[in-house]
Structures are given as C-alpha cells and as structure tokens.
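Coordinate analysis (summary)
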Amino acid sequence: MAKSKKTENSKKSKQKGKLAAFFTDERFKMTFALLLIGCGILMLIAFVSYFFTWKSDQSFESSQLFSNIRVENWAGKLGARIANGIINNGFGVASFFIPLVLIVLGFRLLKVKLLPLGWTIKTSIVGLVLLSLILGFVFGTAGGFLGSGLGGAHGFFMANWLKSLLGSFGASILLILLTFLFLTFSFAGFFGWFTKTVKSVKVPKIPKIERKPRSRKNDEDDFYDDEDDEAGDNRDIDRPPFVTNENEIDFLVDDKKTDPNVKTLEELLDEDIELTIEAQSLNESPLADEETEQEPYVMEDIAALGEYDPTLDLSRYEMPSLELLADHKSENSVVSNDELINNKNKIVETLANYKIQIDKIKATIGPTVTLYEIVPAPGVRISKIKNLEDDIALSLSALGIRIIAPMPGKGTIGIEVPNLNPEIVSMRSIIASRRFQEANMELPIALGKTISNETFVFDLTRMPHLLVAGSTGQGKSVGLNAIIASILYKKHPSQVKLVMVDPKSVEFTPYERIERHFLAKLPDAEEAIIIDTQKVIYTINSLCVEMDTRYSLLKDAQVRNVKEYNGKFIARKLNPHLGHRYLPYIVVVIDEYADLVMTAGKEIEMPIARLAQKARAAGIHLIIATQRPTTNIITGVIKANFPARVAFRVISQIDSRTILDGSGANQLIGRGDLLFTSGGDLTRVQCAFIDTPEIEEITRFIGNQQGYPTAFLLPEYTAEDAVDLKDIDLSKKDELFDDAARLVVIHQQGSTSLIQRKFSIGYNRAGRIMDQLEAAGIVGANEGSKARQVLFTDEASLENYLSKLSRGEA
C-alpha cells in the first residue's frame, strides 16, 4: 500500500510539473498574448460598429446565435451579441475600457509596454463604473439611443438609485467629487493643472464704495465713511500711502486722485500679483515657491509610469546557458576506503611515536584534499601536534599537509591531506548548483567547492574589494575567469559594467566581444580592454571622477549606498531631469598589478588607494591580481582596504604572510587549490576550472545578441598638470600637426587614440598634438564623456585656415 501511494504521489507531482511547465512555456505565453490582442481588437470593432448598427440588429438580440437572421455589425453575429450585452445591458460608452485592458495586457505579455499595466487596469475598472454612472445620470436613456442610453443599463439603474437616495442635487455633488478624486489619483498632472488654474484666476475688482457727506465739528470738508465709522477706522485723505514694513503696504481709499503718484485701491488690486513678487524679492527668489510646487507634480507624473526597468533597453537579452560550459570529469578521482584507512593509520602511528594519544578521528573528503579531524586525549598540548606538520607529511609521503589547530568552533584539530587523485571541479557544476542559482546577492561570485564539497559563493559588494595573489601557473587566471563568468551568468548588462586592465595583452582578449554589453571605457578609447599603462592611469582616475559624481547623487538622494539609490530610482522617487540616473555596479579587474606599479608607480597607486578607501558605497569594486606578493606591491594601504583575499600556492611562508597575514598558502598543492579569507578565518577552496574555449563560447553567445550602441562611457579625465592652452606656442607646432588636423576633419572625430593609431606614435605625443589642435581652434574642449567637437566641417576651409596659421595671420 505504501508503495502504491508513493507511486500515485509521484505521478501527481509529475503531472503538476508538466502542467506548470506548460503554462510557463514561452509558446503558451505568446499564444495567449496574441489571443488577448485579437479579442481586444475584435471587441473594439464590434463596439464601434454598434453605434451605427444597433437599431438594425435589434431583431437579432432575442434570437439564437446561429439563427439565419442577417446582422449589420462589422464583427458579425458574435460581435453584435457581445456589443449588445456589454454596451446596452452593461456600461454604455464606458465599455471601451474593456478592450483597452485586453490589448495592453496582451502586448505586455509580448514584452511591449504600451501603458503601465497596473495603472491601466485600476484606471479602467474605476473609469468603467464611474463614467457609466455619470452618463446614466446626465443623459438617462437619451431617447433610447444605444438601447439603454449612453450609460448603459448599469449607469441608468445606478443613477436612478442614487437620485432616490440623495436627491438630484446631492447626487450631482457626489458625482463631481468622485470625478475630481478619480482625475486627481489617476492622472498625476491633473491636480497641478487644477491648482495652477485656480491660482491664475484674477481677483475681481471691488466696486466703488458710495460715500455721503457727513457733518463733523470743526471740520466740514472731511468725508467720513459709515462702514469705517462702525469699524472704528478713521483715516485722512490727505495722508499719502505709507509702507508699514517690508511686506505690508497700507493704502488709502479715495474716489478722486489728487496726486498722480497715488493709486486707488482698484488699481492696486489689479497689480496685486506684481506687488507680491516685488515683496518676495526682498527676502528670497520669487521662483522658489514655484519650483517647490512644480517638482512634486513632475514626480507624480513620473511615478504614474510605474517602476523603472533598467533591463528594458535590452529586454530580449538572454543569459548564457549551461550548455556553453564543458563538464570536466576526472577519471579515478574517487578517494578509496583503502586510501582513507591507510592515511588514518599513518597519522595515528606518527602521533603515537611522539607519545600523543587521540580519542577520535573522522575524515571529510573534498575534491582536492581530505580533512582528518582528530580529538586529542586530555592533557595533550596543541602546539606539540602543530610542530609535527613536517613529520606527518613525511610519513604520508604527501606533497604538503596543513594542520589547523584548533578547528574554529569545533574543538578538534584538523589535518588536511592531499588526495592521490584530485578531482577537477567544473565551472558548469558550480553555476548549476542551487546555492549559486538561488543566491540573493548583488554581485554573487561562485569560486569553487570547499573541503566539504559545498559550493563556495560570496557577495563581492560585501567584501568590498578582492586581492588575488599566487605564484605563476597556480591558477590565478582561471580564478579571474571564474569570477567574471559568475557575473556574466547572473547579471543583466544594465546592472553591472566591467573595466578590464590586461598589461599582458592576452588574458582578457575573448571579452572584447561583449564590449557593447558589459564593458566600460574612456570616451576616446578605441578598445575596451586596457593595455597601455598611460591609459590605465587615465581610466583609474576617470573612475575616481565617476566615484565623486556618484557620491554627489547619493547625497542629493539622501541614501548611503548604490543599492538604496537604485531602489529609489526604480520606484521613481528620483527625478531624472535633476541629473539622477540608474547606476550600474562597476567591477574593475586588474591583472598583473605588479607590472603597473613598476611602470607607473605613484601615478597608479594613489587613485587605486582612493578607490579602495571610498568606492564601496558608490558601487565600484576592485579585483586586483598579482604574481609578486611582495610588500612594495601589496602595500599597507592595499591590505587595509582589501580584507577579502584569495591566495593560490606560493613558494615561501613569507609570501603567504604577505598575502594572508599568516602561513598556509605555501602548503597548498597548486592547480587551483586556494585559501580565501575575508578578514576572519581561512577557507580552503578548490577553484572551479573554466577553459579558454568555454570563455569564447560565452562571450560569443552574448556578443551575438543585441547590445548597446557603445560601451559604457566613463567620464573623461583631465590631468591636474594638463597644459594651459595659453601656454601653447603654435609657432612650435608638432611636425604632424597639419596631418593630424586633416585627419580629425576627415573623420569628424577629435580622438587622441585616432591620432595615436593612424600615425603610430605614443599616447603622450598624441595628447600634445590634440592640445595644439584645441589651442588652434580646430577641435573643441573636453566635454566629459562626450567626444571633442570638430570645428571645421570641410577640408577646403581647413586648408585655408592652415595656410593663414603658417603665415601668422590666424
């Protein structure tokens, strides 16, 4: 019975899975979307036709659908029946909201955004009921037009019920109020228009006050106003108007102007707006109130569009599939029981030779090493076991063992012994793991498998920077490729951008294909993979400029980091017209950092230190790799700001201490075996293996898809020691000046890299020529991320100008 129940449950689960797969299939979605659009269009045609054919089709309404009665409706018998049921017996003219919702919903399933879906549904439902009610209240049956009138049967009966409940006057007030609320909350700009319209209404002129003469003792020429008398306000007509303070003006009332400079109350009321602005100008800008009132309305208009989708520009982008990765399986990589028992006996025997007794031992098999955890007998000093590291390695004939004494939080001592046949961890198995697929992280990085065969995943944004070091040939390049592949498999091109620095010119070449998807570069750079040291300096300084710009945006948005800022921007709480924009994460990957330090020195160390110290909250993260773990390369500033470090195998213990502040990296076995730390305990990981052909397949798959027009452009950086144009002597122009001028005019592109490439000269000389072209007025100045403007449109005018320049006439 139990087996039959299990089989029944398994069959039901399979059926449910098949049903769920059917409804989530793209073909079903597309078919359903086209069905909705078709129904909406057919209903729209039937509704429009109903206005012209409802009388002639009345005889069909009481007959059967498949009768022989001929109908005039453009959508046939079905259209006539649907239109009569919804318009005549339903909501009247307001029924047009129904096909609108169907068409918008169908296009949204096809990933085409006509209108915000949520806003359209809510507005259509309320508008359907309210408009039907209003039309039924105002027009009634309207002489039988459309059968039940413009409001349909619903509007007619609901309006009559409302009249009986509140009366005609009360129902009118209620409908006006409901209409105002509907327009205010459904159309964000309505409230702003309404308030501006109310404010623009001029104050009506006050009619002249009739006055009658009244006798007063000792003064018969004065006029005394009855109303002023009752209020107790006695004023003399001969007294001129006076200002009591900066914002209050006291005026007199008089029928006759005895002084041309004195204005009547009527004239002053006509000038009330102008006087108010003048009074405000004494203390604050008259535009201040206008700006504070208009901005919320603009934000309401933006919020009505729904949440911002950064992936919409590349809405058809597809993530790379697992089939692009190879499955690197190792033959005979299983650790046998004989190997486990043999190693256990040798460990116990070696410890016994030094009179160290153990109570318990257990083994945890990993892909590269096996962890033997021992519980020493009471009274055994840990230091004695730690000092036997080399002796245990000798007895096991192992490449190198590592003793962890004690194991953090376990109360045991760990001895890591290399397996005789280490397993190759495929990147495919890591990407396919549930831990990576379900990782709820901003920048998840899948590095490999731990000693307990668990997938090792960490969030780069929490590190916030990563230092990768190790000797040549121990797996650094493979590790960098695994990190980059993790990002490509998890993030959309709109969410992250990569800045790649490759002094060796060969490591990151396959990633050139994804330039228009994931890479970032300077505006005038020809290639996104940075090779030249001088361009590296400009790029890193450009990132510092980008960092400062982002901090200004975070300050204006009153948030602490990029995640909170993007959350506000997606919710449309930030105004793009004020400079706000969606900020993708920027990951800077630098290979062979030691080579840059040797060639550029402080020019590269200073901006790297700035980014390492401040760029975390701005969404800029660094990954630096080096094969020279020396103190002049991995300086104190780098180590202080790079708590997350990956150490591959190194030769000496000194190098291990330089990387990890402790030993251990010198005891690794190589071939991707690494130690990871993020400021705490060390974790031993076998790095996932991803080969160059796999990288090429991934980048080819991404590069063949639609991308952005260009790579993500960084702000252009101008060096602090840049030459002042006033100091440039055009009489000492470069010999390539004229040819460079013709080049930029022909290409209409003021690019330093263009000059450098065409004339095969260095970057510095090309930069000096560009400065001379700017001083001569041939190209414009730097404009941030925009290219320089070429100020000459044709060669003829340029040649004329160059001849004048050579004669000193320009």
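Structure: see above.
A brief look at the structure comes next. None of the values given here were measured: they were computed from a predicted structure.

**Details of the pairing of strand S6 (residues 413–418)**
Of all six residues that make up S6, six are buried, and the element is covered over most of its length. Going residue by residue along S6, you find Ile413, Ile415 and Val417 tucked away on one face and Gly414, Glu416 and Pro418 tucked away on the opposite face as well. For strand S5 (residues 402–404) and S6, the ladder comprises three bridges, and the chain directions are antiparallel. Bridging from a neighbouring strand, Arg402 pairs with Glu416 of S6.

**Description of the nonpolar core**
Counting 67 residues, the largest nonpolar core has Leu466, Leu488, Leu498, Tyr511, Val587, Ile623 and Phe676 as the members making the most contacts within it. No other element matches helix H18 (residues 476–490), which puts eight residues into this core. Discounting residues that sit within four places of it in the chain, Leu488 has contacts with Tyr317, Met319, Pro320, Leu498, Tyr511, Ile514, Phe518, Ile698 and Ile702. Listed in part, the 43 residues of the second largest apolar core include Val536, Ala600, Val650 and Leu675.

**Comments concerning the sheet that holds strand S8 (residues 455–459)**
What the nine strands build is an open sheet, ordered S8-S7-S16-S15-S14-S9-S13-S12-S10; its pairing is mixed. Edge positions in the sheet fall to S8 and strand S10 (496–501), since each of these pairs with one other strand and no more. On average, adjacent strands in this sheet sit at an angle of 30° to one another, irrespective of strand direction. Pairing of strand S15 (residues 673–678) with strand S16 (residues 683–687) involves four bridges; the strand directions are antiparallel. Directly across from Phe676, in S16, lies its bridge partner Thr683. Helix H22 (residues 593–600) contacts S10, strand S12 (585–590) and strand S13 (620–626) of the sheet and is inclined by roughly 90° relative to S13.

**Examining a nonpolar patch on the surface**
The grouping of Ile41, Leu44, Ile45, Val48, Phe52 and Trp74 at the surface amounts to a nonpolar patch, some 590 Å² of accessible area in total. Considering the arrangement of structural elements, one finds Phe52 in helix H2 (residues 26–53). By relative accessible area, which is 63% here, Phe52 ends up exposed.

**Details of the sheet that holds S6**
Sheet architecture is open: four strands sit in the order S3-S4-S6-S5, paired in antiparallel fashion. Of all strands in the sheet, those with a lone pairing partner are strand S3 (358–365) and S5, marking the two edges. For this sheet the average axis-to-axis angle between neighbouring strands, irrespective of direction, equals 20°. Summarising the sheet, strand S4 (residues 369–376) and S6 pair through six bridges and their orientation is antiparallel. Opposite Glu373, over in S6, you have Gly414 as the bridge partner. Where helix H13 (residues 337–353) meets the sheet, it contacts S3, S4 and S6, and its direction lies at approximately 40° from that of S4.

Scoring rules and cut-offs
Residues numbered from 1 in each chain as written. Predicted model: local features only at pLDDT ≥ 70, side-chain atom pairs only at ≥ 80, totals over all residues. Heavy atoms only, no water. Buried < 20%, exposed > 50% of the residue type's maximum accessible area, 1.4 Å probe, protein only. Helix = DSSP H or I, 4+ residues; strand = E, 2+ residues; numbered from the N terminus. Pairing = 2+ DSSP bridges. Core = buried A, V, L, I, M, F, W, Y, C linked by side-chain atoms within 4.5 Å. Contact = heavy atoms within 4.5 Å. Axes fitted to C-alpha atoms, helices over the stretch in contact; angles between N-to-C directions. Patch = residues over 30% accessible without salt bridge, like charges linked within 9 Å, V, L, I, M, F, W, Y side chains within 5 Å. Areas by Shrake-Rupley, 256 points an atom, 1.4 Å probe, with all protein chains shown as cover. Salt bridge = Lys/Arg side-chain N within 4 Å of Asp/Glu carboxyl O.

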